[in-house]
Amino acid sequence: MNGVETISTSARAPEDGSAPLLRARGLRLAFGLTEALRGIDLDCHAGEIIAVTGPSGSGKSTLLHVLAGVLVPDEGTVDYDTVRLSELDEAGRSRLRLGTFGFVFQYGQLLPDLSAVDNVTIPLLLAGVRRREALRRSDSWLDRLGLAECSRKLPAQLSGGQAQRVAVARALAAQPTVLFADEPTGSLDSLAAETVMLALTEAARDANTAVILTTHDPRTAAFADWEVVVRDGQTTVGGADG
Ligand SMILES: Nc1ncnc2c1ncn2[C@@H]1O[C@H](COP(=O)(O)OP(=O)(O)OP(=O)(O)O)[C@@H](O)[C@H]1O
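Thresholds, definitions, all that
- The residue count restarts for each chain, going from 1 along the sequence in the order it is written.
- Where totals are concerned, whole chains, interfaces and linings use all residues; where local detail is concerned, this predicted model gives features only for residues with pLDDT of at least 70, and gives and counts side-chain atom pairs only at 80 or more.
- The side-chain numbers reported here are obtained from all heavy atoms of the structure, hydrogens and water having been left aside.
- In this description a helix means any DSSP run of H or I spanning at least four residues, a strand means any run of E spanning at least two, and both kinds are numbered starting from the N terminus.
- Note on method: radius of gyration uses C-alpha positions; expected globular size equals 2.2 Å times residues raised to 0.38.
- Each residue's exposure class comes from its accessible area (1.4 Å probe, protein chains only) as a fraction of the maximum for that residue type: buried when under 20%, exposed when over 50%, partly exposed otherwise.
- Contacts: residue pairs with any heavy atoms within 4.5 Å of one another.
- In these tables, accessible area is a Shrake-Rupley quantity obtained with a 1.4 Å probe, and a residue counts as shielded only by the protein chains included in the view.
- None of His or the chain ends enter the tally, which takes Lys and Arg as positive and Asp and Glu as negative.
- Charged side chains are reduced to one point each, which is NZ for Lys, CZ for Arg, CG for Asp and CD for Glu.
- By convention in these notes, a residue is near a molecule or strand provided one of its non-hydrogen atoms lies within 4 Å of it.
- Here a polar contact is recorded for every N or O atom pair within 3.5 Å, except that within protein the pair must consist of a potential hydrogen donor and a potential acceptor, and residues adjacent in sequence are included only if both atoms are side-chain atoms.
- All residues other than Ala, Val, Leu, Ile, Met, Phe, Trp, Tyr, Cys, Pro, Asp, Glu, Lys and Arg, Gly among them, are scored as polar; the first ten of these are nonpolar and the last four charged.
- Think of pLDDT as the predictor's per-residue confidence, scored from 0 to 100.
- Only protein atoms enter the 1 Å grid used here. Points where a 1.4 Å probe fits but cannot escape make up a cavity, open sets with protein on both sides within 12 Å along at least five of seven lines make up a pocket, and a residue lines them when an atom lies within 4 Å of a point.
- Grid points are joined across faces, edges and corners, and a volume is the space filled by probe spheres set on the points.

What follows concerns the overall build of the protein chain. Each helix and strand in the protein chain was counted, giving 7 helices and 11 strands. Scaling as 2.2 N^0.38, a compact globule of 242 residues should have a C-alpha radius of gyration of about 18 Å, and the protein chain matches this with 17 Å. Taking the principal axes of its C-alpha atoms as reference, the protein chain extends roughly 45 × 40 × 40 Å. The buried share of the protein chain, reckoned over its 242 residues, is 50%. A separation of at least 24 residues holds for 72% of the contacts in the protein chain among residues at least 6 apart in sequence. When the accessible surface of the protein chain is split by element, carbon and sulfur atoms take 49% of a total near 11,700 Å². A distance of 6 Å separates the average location of the 23 positive side-chain charges in the protein chain from that of its 31 negative side-chain charges.

Here it is as structure tokens:
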């Protein structure tokens, strides 16, 4: 697929000059002697889809966790809109994650005893959405992701790609402004990966949701607007294997 641009610095201005929704500057984070992030800048604008790629251990997941406020950097800043994440306490960052950000993980992490529709609906009910609205949103997202026929099935009765699309529906039904996806296709074969990425990117574009995903797979990265290559904790120009 064409149209993905690999960029040497991830801090940039879009053509319309709008301010980034998420803005990271000078991120550094060490785990003991391991410097996982060594000075990373990244801008993500509303509705953009960014793929973070790079070799195993280069710092992709750590970067995602710092951008989402799961991990706190040793140095540098992450601003979401007008909010500086480092100025929030753990409870404030947790509220931001629950109310504003969405997450999709490598292994969907659906609740095994709940049907697909309940996996999408119940988190909405817990977040205070009224039952009728929660069901409307669940049905609508499952339908948009091609899962209407599967809505009563348990996760064990779904294929890997279907289960991952339920996880995408669950994340998007909460109407996040930024969706973080850590290796969303990492457990799927190439056909299922493509189906998930098509569904994820179309749905996110419709909802104007920004997506920041990590991936090892160039075919998954090709669905993004931008590719940010991380090597040794720094963003670099995409190389032959990037
Ligand atoms: N909780 C942790 N404690 C200690 N070291 C960690 C921790 N998390 C990550 N690291 C180290 O930080 C570096 C970056 O790890 P990270 O998981 O961000 O890489 P990655 O690019 O996502 O790798 P992969 O593609 O294999 O998932 C690695 O050297 C890793 O071993």
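This is not the end of the story, as more comes after the structure.
What follows concerns the site of the ligand. As a matter of local geometry, the ligand sits amid Phe31, Thr34, Ala36, Pro55, Ser56, Gly57, Ser58, Gly59, Lys60, Ser61, Thr62 and His216. One nitrogen or oxygen atom from the side chain of Lys60 is found 2.7 Å from an oxygen atom belonging to the ligand. Against a free-state accessible area of 630 Å², the protein chains account for coverage of 58% of the ligand. At the level of elements, β3 (34-44) and α1 (60-67) are the ones that each hand at least two residues to the shell around the ligand. Taken together, the residues of the shell around the ligand sort by class into 3 nonpolar, 8 polar and 1 charged.

Averaged over every residue, the pLDDT of the protein chain is 88; residues scoring 70 or more account for 90%. Contacts for the low-pLDDT stretch residues 1-9, under 50 throughout, to residues beyond four places or in other chains number 23 contacts. Within the model, the stretch residues 237-242 combines pLDDT values under 50 with 7 contacts to residues more than four positions away or in other chains.

Another point: the layout of surface pockets. Size it by volume and the largest pocket reaches roughly 510 Å³. If you go around the largest pocket, you meet 17 residues; those closest to its centre are Leu98, Phe101, Pro123, Arg170 and Ala174. Within the residue set of the lining of the largest pocket, elements represented by two or more residues are α2 (90-99), β7 (101-104), α3 (116-126) and α5 (160-173). Of the residues belonging to the lining of the largest pocket, the class tally is 11 nonpolar, 3 polar and 3 charged. Considering the residues around the second largest pocket, the lining is formed by Arg136, Arg137, Ser140, Trp141, Arg144, Leu172, Gln175, Pro176, Ala207 and Thr209. Here the lining of the second largest pocket gets 5 residues from one element, more than from any other, and that element is helix α4 (residues 131-144). Broken down by class, the residue content of the lining of the second largest pocket amounts to 4 nonpolar, 3 polar and 3 charged.

Further remarks concern empty space enclosed by the protein. Tallied over the full model, the rule gives 1 cavity of 30 Å³ or more. The space that makes up the largest cavity amounts to roughly 70 Å³. Lining the largest cavity we find Val66, Gly69, Leu71, Val72, Pro73, Gly76, Thr77, Val78, Leu85, Ser86 and Arg93. Counting residues per element, the lining of the largest cavity draws most heavily on strand β5 (residues 75-80), which supplies 3 residues.

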